[in-house]
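# Fold and geometry: a report
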Amino acid sequence: MLSNLRKFVVSHKKIPILHVNNMCCSKMRSSLQRLKPHVPLGRNYSSLPGLIGNDIKSLHSVINPPITKIRNIGIMAHIDAGKTTTTERILYYSGYTRSLGDVDDGDTVTDFMAQERERGITIQSAAVTFDWKGYRVNLIDTPGHVDFTLEVERCLRVLDGAVAVFDASAGVEAQTLTVWRQADKHKIPRICFLNKMDKTGASFKYAVESIKEKLKAKPLLLQLPLGEGKAFKGVVDVVNKEKLLWNPNSDDGKDFVRNPLLEMSDPELLKETTEARNALIEQVADLDDEFADLVLGEFSENFDLLPAEKLQTAIRRVTLAQTAVPVLCGSALKNKGVQPLLDAVTVYLPSPEERNYEFLERISRLLLPFADQHIEIPSLTAGNIALTVGLKHTATGDTIASSKSSALAAARRAETEGGKKHRRNNEAERLLLAGVEIPEPVFFCTIEPPSVAKQPDLDYALKCLQREDPSLKVKLDADSGQTVLCGMGELHIEIIHDRIKREYGLETYLGPLQVAYRETILNAVRATDTLDRTLGDKRHLVTVELEVKPVETASVMPVIEYAGSVSEDLPTASQEATENGIHSAFLQGPLLGSPVQDVAVAVHSLIIHPGTSTTMISACVSRCIQKALKKADKQVLEPLMKLEVTVTRDYLSLVLADLAQRRGTIQEIQTRQENKIITGFVPLAEIMGYSTVLRTLTSGSATFALELSNYEAMNPQDQTVLLSRRSGLTQ
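Rules used throughout
Residues numbered from 1 in each chain as written. Predicted model: local features only at pLDDT ≥ 70, side-chain atom pairs only at ≥ 80, totals over all residues. Heavy atoms only, no water. Helix = DSSP H or I, 4+ residues; strand = E, 2+ residues; numbered from the N terminus. Buried < 20%, exposed > 50% of the residue type's maximum accessible area, 1.4 Å probe, protein only. Contact = heavy atoms within 4.5 Å. Areas by Shrake-Rupley, 256 points an atom, 1.4 Å probe, with all protein chains shown as cover. Arc of directions from axis to C-beta. Patch = residues over 30% accessible without salt bridge, like charges linked within 9 Å, V, L, I, M, F, W, Y side chains within 5 Å. Salt bridge = Lys/Arg side-chain N within 4 Å of Asp/Glu carboxyl O. Lys, Arg positive; Asp, Glu negative; His and termini not counted. Charge placed at Lys NZ, Arg CZ, Asp CG, Glu CD. Pairing = 2+ DSSP bridges. Axes fitted to C-alpha atoms, helices over the stretch in contact; angles between N-to-C directions. 1 Å grid on protein atoms, 1.4 Å probe; cavity = no way out; pocket = protein on both sides within 12 Å on 5 of 7 lines; lining within 4 Å. Points joined across faces, edges and corners; volume = space filled by probe spheres on them. Nonpolar A, V, L, I, M, F, W, Y, C, P; charged D, E, K, R; others polar. Parallel < 35°, antiparallel > 145°, perpendicular 65-115°, else oblique. Left-handed = near helix turned anticlockwise from the far one by under 90°.

### Comments concerning the overall build of the protein chain
Each helix and strand in the protein chain was counted, giving 20 helices and 36 strands. Looking at the protein chain as a whole, 55% of its 731 residues qualify as buried. Excluding contacts between residues fewer than 6 apart, the proportion of contacts in the protein chain whose partners are at least 24 apart in sequence is 74%. When the accessible surface of the protein chain is summed, it comes to about 32100 Å², and 50% of that surface belongs to carbon and sulfur atoms.

Here it is, written out as structure tokens:
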């Protein structure tokens with residue numbers, strides 16, 4: 001059985017390098033047993049792109065569409081904004097499926113993990129490939145839950161564009177900010193889709209304003225809604241001055257009409273649309289000099305004469321330049337507005353050749369993804385997303401070359417073209433792409449197999465899960481010998497536990513969930529240590545004097561300084577051994593055994609007897625660091641979470657009172673239609689199990705979102721209670 005698959009993107013750059021993103025092993029493993037098209041859970045699928053039944057109509061058209069006709073996009077949003085429902089409609093209207101799936105029914109194409117269907121949320125990204133009006137679209141549906149932020153991160157790195165989905169009644173929400181920042185980091189052009197326009201409380205104006213204020217983006221209104229809430233029936237195409245109305249009697253939203261706005265039939269709507277179009281033209285002209293020259297030169301007297309194609313071309317330029325974002329609206333659940341969204345993807349988002357990547361690959365076996373189905377293909381051209389099989393020693397973020405000579409050629413080419421310098425490792429130059437930024441875990445718990453004999457099976461399962469999910473950390477407790485899981489949240493660890501049971505057949509036992517604290521010091525302390533050992537006929541002697549001191553700027557890694565007399569004659573191997581000893585000591589602090597941060601180390605003296613091994617140097621330095629840390633005044637740092645609670649006015653006081661008991665601080669309370677939005681900070685230790693409590697307090701009407709803000713010093717009273725509890729003195 002194939003152990004895993006890898007997803008990768010092929011760039012237009014001619015460099016034989018592969019960038020690896022681990023996909024979900026369980027998703028791929030289960031579906032590899034059926035590479036030919038198959039219908040899970042009774043879903044009705046159309047033929048895959050380029051296929052009629054099981055026969056290949058044009059394999060070249062499947063695997064080698066023109067690069068200008070390829071769109072690699074992701075769907076990203078806050079949880080419950082409607083990403084998966086929007087994806088499901090896209091697949092239906094493109095002809096990929098013959099029936100509409102529903103998140104509540106657990107039969108969507110991209111949410112095919114058992115855990116996703118049970119919970120009605122996206123946990124791991126899924127890729128699908130389809131065609132739309134002559135364009136090949138590779139689409140990835142990403143999670144919206146904060147525990148699975150890394151899934152979004154690793155997908156954005158291989159995408160050319162994104163559709164940001166918003167709940168029109170809520171506007172920009174907590175996780176929206178997170179994924180937007182991720183897209184900013186990777187310079188991803190975006191389109192905004194204001195979903196749920198049919199929902200009670202939906203407000204086009206409010207959602208647009210929240211994009212301006214919270215995301216600091218410049219929205220380009222390409223559409224206006226025809227009604228809001230229950231009155232929503234269609235959209236106005238501002239660019240073409242057309243009205244799109246969906247047939248209220250249509251069950252699937254395929255039946256809609258597009259009519260030009262006329263003075264006789266829609267005078268008020270035509271006036272409003274003309275004003276919106278003029279404002280759009282002026283806005284784009286301010287952002288694009290080429291378009292400004294065109295408008296001022298030929299169409300300054302009458303913007304109505306400006307062809308829609310000219311306006312679309314200019315909108316595309318500012319979208320690719322990321323100086324503004326097109327905004328569209330609709331209701332995916334009610335099957336309205338999705339087809340124009342697909343049109344916008346092809347018109348305004350970039351093809352792979354318009355994005356600058358510096359990697360390409362050659363691989364032996366390739367699969368084209370269709371969610372939980374795949375077809376094997378012989379080759380792949382630039383700009384496509386596909387899967388590869390059988391890489392047993394890779395992890396997310398790796399860069400893979402087909403050979404050492406390919407890597408060398410790629411490195412030299414990149415250096416020549418970009419003027420970049422790459423480090424040498426032994427005899428080979430290495431070209432490394434930017435790795436995935438993996439957030440630090442904030443929760444941990446012990447995990448035990450059903451028997452000692454099953455421990456190797458558990459180790460294997462955890463090794464596989466870590467390869468595809470780098471945000472999952474596994475370590476061994478040195479004192480107890482227990483295996484410890486470290487994850488991004490309660491749901492993250494719960495999902496891992498469930499997957500071990502379902503996919504590897506292991507009934508494991510989890511210990512109590514613990515918060516991942518950190519430690520620091522409050523004052524500078526010096527310490528000296530000597531290690532003198534004789535092994536065989538060889539003497540190992542090291543004497544070190546160093547100082548640990550707090551630093552003002554947050555730093556997870558220790559800041560290491562050397563006195564002039566030390567650095568002058570210190571061999572490279574000895575320096576590396578010294579720093580290894582420092583890093584090792586910082587892994588476990590003296591209070592809780594938690595990692596130490598925000599501390600600098602100054603090495604004042606280091607005397608090494610000739611012939612002393614580097615291992616002994618590291619051991620002596622590590623012991624000296626631990627001695628210094630124990631002598632210093634110590635401080636526990638706890639993870640502080642940014643919290644956003646959406647609650648009705650009736651339950652506001654109850655929620656605020658509960659947060660006060662949880663050591664929460666309220667930053668602001670905003671009004672959003674009929675709801676109140678509470679934004680504040682609360683220690684992670686106080687928020688465990690909060691979803692159940694909030695549901696009880698508000699009769700299930702409130703929702704909340706969490707995001708790690710920073711690590712903050714505990715007050716002395718809380719720290720004393722924590723240390724007493726950990727030592728077993730209190731309950």
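### Concerning helix α9 (residues 289–298)
By the burial criterion, the buried members of α9 are Phe 291, Ala 292, Leu 294 and Val 295. Along the long axis of α9, the arc covered by the buried residues comes to 160°, so they all point the same way. With respect to the buried face of α9, the exposed residues turned more than 90 degrees away are Asp 289, Glu 290, Asp 293, Leu 296 and Gly 297. Buried residues along α9 sit in contact with α8 (267–287) and α10 (308–320).

### Re unusual backbone geometry
Residue Lys 241 is not a glycine yet carries a positive backbone phi of 55°. Tracing the sequence through the fold places Lys 241 in the loop between β13 (234–237) and β14 (242–246). On the accessibility criterion, Lys 241 (18% relative accessible area) is buried. Positioned with a positive phi, Gln 322 is a non-glycine residue whose angle comes to about 60°. Secondary-structure assignment places Gln 322 in the loop between α10 and β16 (325–329).

### As for a negative patch on the surface
A cluster of acidic residues, Glu 263, Glu 268, Glu 272 and Glu 275, forms a negative patch on the protein surface. Inspection of the secondary structure assignment puts Glu 275 in helix α8.

### A closer look at the sheet that holds strand β30 (residues 538–550)
Taking strand neighbours across the sheet as the criterion, the four strands line up as β29-β30-β32-β31 in an open arrangement whose pairing is mixed. Of all the strands in the sheet, the pair left with one neighbour each is β29 (525–535) and β31 (559–562). Neighbour to neighbour, the strand axes of the sheet diverge by 25° on average, direction disregarded. Where β30 lies against strand β32 (residues 599–608), nine bridges are found, and the strand directions are antiparallel. By the bridge assignment, Val 544 is partnered in β32 with Leu 606. Against the sheet, helix α16 (residues 572–585) touches β31 and β32, its axis set at about 140° to β31.

### Section: empty space enclosed by the protein
Per the counting criterion, the structure on display carries three cavities of 30 Å³ or more. If you add up the space inside the second largest cavity, you get close to 60 Å³. What lines the second largest cavity is Ala 174, Leu 177, Lys 642, Leu 643, Glu 644, Ala 705 and Glu 707. At the level of elements, α6 (174–185), β33 (634–648) and β36 (703–713) are the ones that each hand at least two residues to the lining of the second largest cavity. For the lining of the second largest cavity, the element with the highest residue contribution is β33, accounting for three residues. Looking at side-chain class alone, the lining of the second largest cavity contains four nonpolar, no polar and three charged residues.

### Topic: the sheet that holds strand β15 (residues 256–260)
Spatial ordering of the open sheet is given by β12-β13-β14-β15, a layout of four strands whose pairing is antiparallel. The strands lining the two open edges of the sheet, one partner per strand, are β12 (223–226) and β15. Geometrically, the sheet is characterised by an average inter-axis angle of 20° between neighbouring strands, direction not taken into account. As paired strands, β12 and β13 are joined by four bridges and run antiparallel to one another. If you follow Leu 224 over to β13, its bridge partner there is Val 236. Most of the contacts of α8 go to β12, to which it runs at about 155°, and overall it touches β12, β13 and β14.

### A look at the pattern of salt bridges
Counted by the stated rule, this structure contains 26 salt bridges. For the salt bridge of Asp 529 with Lys 627, the shortest nitrogen-to-oxygen distance reads 3.9 Å. Here Lys 627 lies in helix α17 (residues 614–631) and Asp 529 lies in strand β29, a separation of 98 residues in the sequence. Here Asp 718 makes a salt bridge to Arg 663, at a shortest N to O gap of 3.3 Å. Of this pair, Asp 718 sits in helix α20 (residues 716–726) while Arg 663 sits in the loop between α18 (652–661) and β34 (665–672), placing them 55 residues apart in sequence. Overall, the relative accessible area of 26% leaves Arg 663 in the partly exposed class. Here the residues in one salt-bridge network are Glu 638, Arg 663, Glu 686 and Asp 718, joined through shared partners.

### Considering the layout of surface pockets
Empty space within the second largest pocket amounts to approximately 1100 Å³. Looking at the lining of the second largest pocket, the elements that each hand over two or more residues are β23 (443–448), β24 (473–476), β25 (483–487) and β27 (514–515). Partitioned by chemical class, the residues of the lining of the second largest pocket number 20 nonpolar, nine polar and seven charged.

### What to know about the packing of helix α13 (residues 455–468) against helix α14 (residues 490–504)
At a minimum axis distance of 11 Å, the contact between α13 and α14 shows a crossing angle of 120°. In terms of their interaxial angle, α13 and α14 are classed as oblique. Relative to α14, the crossing made by α13 is right-handed. Touching Leu 458, Tyr 460, Ala 461, Leu 462, Cys 464, Leu 465 and Glu 468 of α13 are Ile 496, Arg 499, Ile 500 and Tyr 504, all from α14. Looking at the contact of α13 with α14 residue by residue, the class counts come to nine nonpolar, no polar and two charged.

### Some thoughts on the pairing of strand β9 (residues 161–167)
The element β9 is largely enclosed, with a buried count of seven among its seven residues. Of the two faces of β9, the one lined by Gly 161, Val 163, Val 165 and Asp 167 and the one lined by Ala 162, Ala 164 and Phe 166 are each fully buried. As judged from the five bridges shared by strand β6 (residues 70–77) and β9, these two strands associate in the parallel manner. Within β9, the position partnered with Ile 73 by the bridge is Gly 161. Relative to strand β10 (residues 190–195), β9 is paired through six bridges, and the arrangement is parallel.

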